[in-house]
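Below, each chain spelled out in residue letters.
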Amino acid sequence: MLRFTDEHEWLRLDGDTATIGITAHAAEQLGDLVFVELPKVGAKLTKGEAAAVVESVKAASDVYAPLSGTVTEVNEAAVSDPASIGGDPQGAGWLYRLKLDDPADMDALMDEAAYADFAK
């Protein structure tokens, strides 16, 4: 199940854990990324709070926690090579994994069709 937020994050659910990253639209708007700061494994995030930072030559942008939960893993490859996020933002360019407090909260987020309309 792939879902999207109005802050241009995507989530892919696997059991009760969501893989989270920025959308292709967001990556395109930011341009070449030069710096990424990710949350610490074990961090407890609340929906809507700043969870990560992505910085490009154009701008720095917060990445918000789309849902509440606990960080279980971060993509160290994205930290080592921030530009790689732009190459595959909705695949290998994922940012972190979050064990969701309530996986049913995913239902309130946009599906691909709704996000495509939103991002126009």
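Residues numbered from 1 in each chain as written. Predicted model: local features only at pLDDT ≥ 70, side-chain atom pairs only at ≥ 80, totals over all residues. Heavy atoms only, no water.

Within an unreviewed UniProt entry, the label attached to the protein reads Glycine cleavage system H protein, and the organism entered is Methylorubrum salsuginis. As stated in UniProt under Subunit (unreviewed entry), the record for the protein gives "The glycine cleavage system is composed of four proteins: P, T, L and H." The protein has a UniProt comment under Sequence similarities (unreviewed entry) that states "Belongs to the GcvH family." (UniProt positions renumbered as here; feature names shortened; annotations may be inferred.)

K.L.:
So what exactly am I meant to see when it comes to the nonpolar core here?
P.N.:
Side chains of a nonpolar character, in soluble globular proteins, are inclined to be buried together. In this structure, I22, L95 and Y96 are the most contacted members of the largest nonpolar core, which totals 28 residues. Listed by contribution, the elements that provide at least two residues to this core are β2 (9-14), β3 (17-22), α1 (24-30), β4 (33-37), β6 (50-56), β8 (69-74) and β9 (96-100). Residues in contact with I22, not counting those within four places in the same chain, are H8, E9, W10, A27, L30, L33, V63, I85, P89, Q90 and L95. If you look at the next biggest cluster of nonpolar residues, it comprises 7 residues, including L2, F4, W10 and M110. (Core = buried A, V, L, I, M, F, W, Y, C linked by side-chain atoms within 4.5 Å. Buried < 20%, exposed > 50% of the residue type's maximum accessible area, 1.4 Å probe, protein only. Helix = DSSP H or I, 4+ residues; strand = E, 2+ residues; numbered from the N terminus. Contact = heavy atoms within 4.5 Å.)

K.L.:
Explain the sheet that holds strand β7 (residues 60-64) here, please?
P.N.:
Adjacent strands of a sheet pair through backbone hydrogen bonds, lying either parallel or antiparallel. Spatially, the 3 strands line up as an open sheet ordered β4-β6-β7, and their pairing is antiparallel. Two strands in the sheet have a free side with no partner beyond their single neighbour: β4 and β7. Within the sheet, the average angular offset between the axes of one strand and its neighbour, ignoring direction, is 20°. Here 4 bridges tie β4 to β6, and the two strands are oriented antiparallel to one another. Looking across to β6, one finds that F35 is bridged to E55. (Pairing = 2+ DSSP bridges. Axes fitted to C-alpha atoms, helices over the stretch in contact; angles between N-to-C directions.)

K.L.:
Before we go on, may I ask you to explain the pattern of salt bridges in this structure?
P.N.:
A pair can form between side chains of opposite charge whenever their charged atoms are brought close. Counted by the stated rule, this structure contains 4 salt bridges. Here E73 makes a salt bridge to R97, at a shortest N to O gap of 2.9 Å. Of this pair, E73 sits in strand β8 while R97 sits in strand β9, and the two are 24 residues apart along the sequence. (Salt bridge = Lys/Arg side-chain N within 4 Å of Asp/Glu carboxyl O.)

K.L.:
Please clarify how the packing of aromatic side chains should be interpreted in this entry.
P.N.:
Given two aromatic rings, one states the distance between the centres and the angle between the planes to describe the pair. In total, this model carries 2 aromatic pairs according to the counting rule given. Measuring from centroid to centroid gives 6.2 Å for Y115 and F118, while their planes differ by 40°, and the two rings are tilted. Of this pair, Y115 and F118 both sit in helix α4 (residues 112-118), 3 residues apart, which is roughly one turn of the helix. On the accessibility criterion, F118 (40% relative accessible area) is partly exposed. (Phe/Tyr/Trp six-rings, centres within 6.5 Å; stacked < 30°, edge-to-face > 60°.)

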